[in-house]
Amino acid sequence: GHENIIKYCNRPFKSLEHMNKEIIRRWNERVKPDDIVYHVGDFCFRSAGVRGNGIKVKAKSWRDRLNGNIIFIRGNHDKNNSVKTRIHSLVLNLNGHFINLVHDPDFANVNHQINITGHVHEKWEIKRIKQGYSFTDCINVGVDVWDFYPVTYEELIARYRRLINE
């Protein structure tokens, strides 16, 4: 629902409608109805009328078109779009690895080896962040670096291992 993001991130879409339809199609191609999806923020962009580059569609309208059970983590644009999540970050224990999910990498938690983030669009895939004397690796799950598809944990970890071993 964010028209200007097409030019900001040089997205390969002809129009806002084309982008919306394609992202929904790719989501539903990958996500099955019973899957659990952790969405790390900025679920949709709803224009508050000031910028004029969003559309006035509530999050529920988008949500109803998507497969899966979505757990929302709050992003900076989610305050205007009716997502209404209170989750700022979430820690998962996946195969014995504690992974922090948070929208903005500036809020990554160095107590966890991996943070899954969004917010930065196409800027990077994996980045090491230092806080004091501690480090953490952030994996960007934004659609801009994953060909506009949602990604599985296995895909994230495979790319992470490949990139940190290069």
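A. View of helix α4 (residues 153–164). In a regular helix each residue adds 1.5 Å, so twelve residues correspond to 16 Å; α4 covers 16 Å between its end C-alpha atoms and thus fits that length. Residues of α4 that are buried sit in contact with β3 (89–94), β4 (97–102), β5 (114–117), β6 (126–131) and β7 (134–140).

B. Representation of the pattern of salt bridges within the structure. Applying the stated criterion across every chain, the model contains nine salt bridges. Residue R25 pairs with E22 through a salt bridge whose shortest N-O separation is 2.5 Å. Of this pair, R25 and E22 both sit in helix α2 (residues 16–30), three residues apart, which is roughly one turn of the helix. When its relative accessible area of 40% is taken as the criterion, R25 is described as partly exposed. A salt bridge links K60 to D64, with the nearest nitrogen and oxygen atoms 2.9 Å apart. Residue classification places K60 among the exposed residues on the basis of a relative accessible area of 57%. Note on D64: relative accessible area 53%, which makes it exposed. Residues participating in the shared-partner salt-bridge network are E22, R25, R26, E29 and D147.

C. Representation of the sheet that holds β7 within the structure. Strand order in the open sheet made by the five strands is β3-β4-β5-β7-β6, with mixed pairing throughout. Here the strands that pair on one side only, and so sit at the sheet edges, are β3 and β6. Sheet twist, expressed as the mean angle between neighbouring strand axes with direction ignored, is 30°. Pairing geometry for β6 and β7, over six bridges, is antiparallel.

D. Structural context of the side chain of D104. With respect to the helices and strands, the residue D104 is situated in the loop between β4 and β5. No salt bridge is formed by the buried D104; the nearest opposite charge belongs to K127, separated by 9.3 Å. For D104, the side chain forms a polar contact with the main-chain nitrogen of D106, separated by 2.8 Å.

E. Region of interest: the pairing of β4. In this structure, β3 lies alongside β4, joined through six bridges in antiparallel fashion. Of the residues in β4, the one forming a bridge with S89 is V102. Between β3 and the antiparallel strand that follows it, β4, lie two residues; N95 among them carries a positive phi value of about 55°.

F. Examining the packing of aromatic side chains more closely. For the structure on display, the rule yields two aromatic pairs. Pairing F43 with F72 gives two aromatic rings, centres 4.8 Å apart and planes at 75°, and the pair type is edge-to-face. Residue F43 is found in the loop between β1 (36–39) and α3 (59–63), and its partner F72 is found in strand β2 (residues 69–72); the two are separated by 29 residues along the sequence. Comparing F43 with F72 shows no difference in burial state: the two are buried. The residue whose ring lies beneath R159 is W146, and the NZ or CZ to ring-centre distance is 3.7 Å.

What counts, and where the lines are drawn
- The residue count restarts for each chain, going from 1 along the sequence in the order it is written.
- For a predicted model such as this one, the threshold for reporting local features is a pLDDT of at least 70, and the threshold for listing and counting side-chain atom pairs is 80 or more; totals across whole chains, interfaces and linings nevertheless cover every residue.
- Computation of side-chain values covers all heavy atoms of the structure but excludes hydrogens and water.
- Only DSSP runs of H or I reaching four residues or more are called helices, and only runs of E reaching two or more are called strands; each is numbered from the N terminus.
- Each helix should span, by expectation, one fewer than its residue count multiplied by 1.5 Å.
- We call two residues in contact when some of their heavy atoms are within 4.5 Å.
- Criterion for a salt bridge: a side-chain nitrogen of Lys or Arg within 4 Å of a carboxyl oxygen of Asp or Glu.
- Exposure classes here rest on a 1.4 Å probe applied to the protein chains alone. A residue is buried below 20% of its type maximum, exposed above 50%, and partly exposed in between.
- Two strands make a pair as long as DSSP finds a minimum of two bridges between them.
- Note on definitions: angles span 0 to 180 degrees between N-to-C directions of axes, and those axes are lines fitted to C-alpha atoms, for helices only across the stretch in contact.
- Here the positive residues are Lys and Arg and the negative ones are Asp and Glu; neither His nor the chain ends is included.
- Whenever a nitrogen or oxygen atom comes within 3.5 Å of another N or O atom, the pair is scored as a polar contact, on the condition that within protein one atom can donate a hydrogen and the other can accept it, and that pairs from neighbouring residues in sequence are kept only if both atoms are in side chains.
- A pair of Phe, Tyr and Trp rings is counted when the ring centres sit within 6.5 Å of each other, with Trp represented by its six-membered ring. The angle between the planes then sorts it: under 30 degrees is stacked, over 60 is edge-to-face, the rest tilted.
- Ring-over charges, as used throughout, are those where CZ of Arg or NZ of Lys falls within 6 Å of the ring centre and within 35 degrees of the ring normal.

Coordinates in, geometry out; function isn't part of it.
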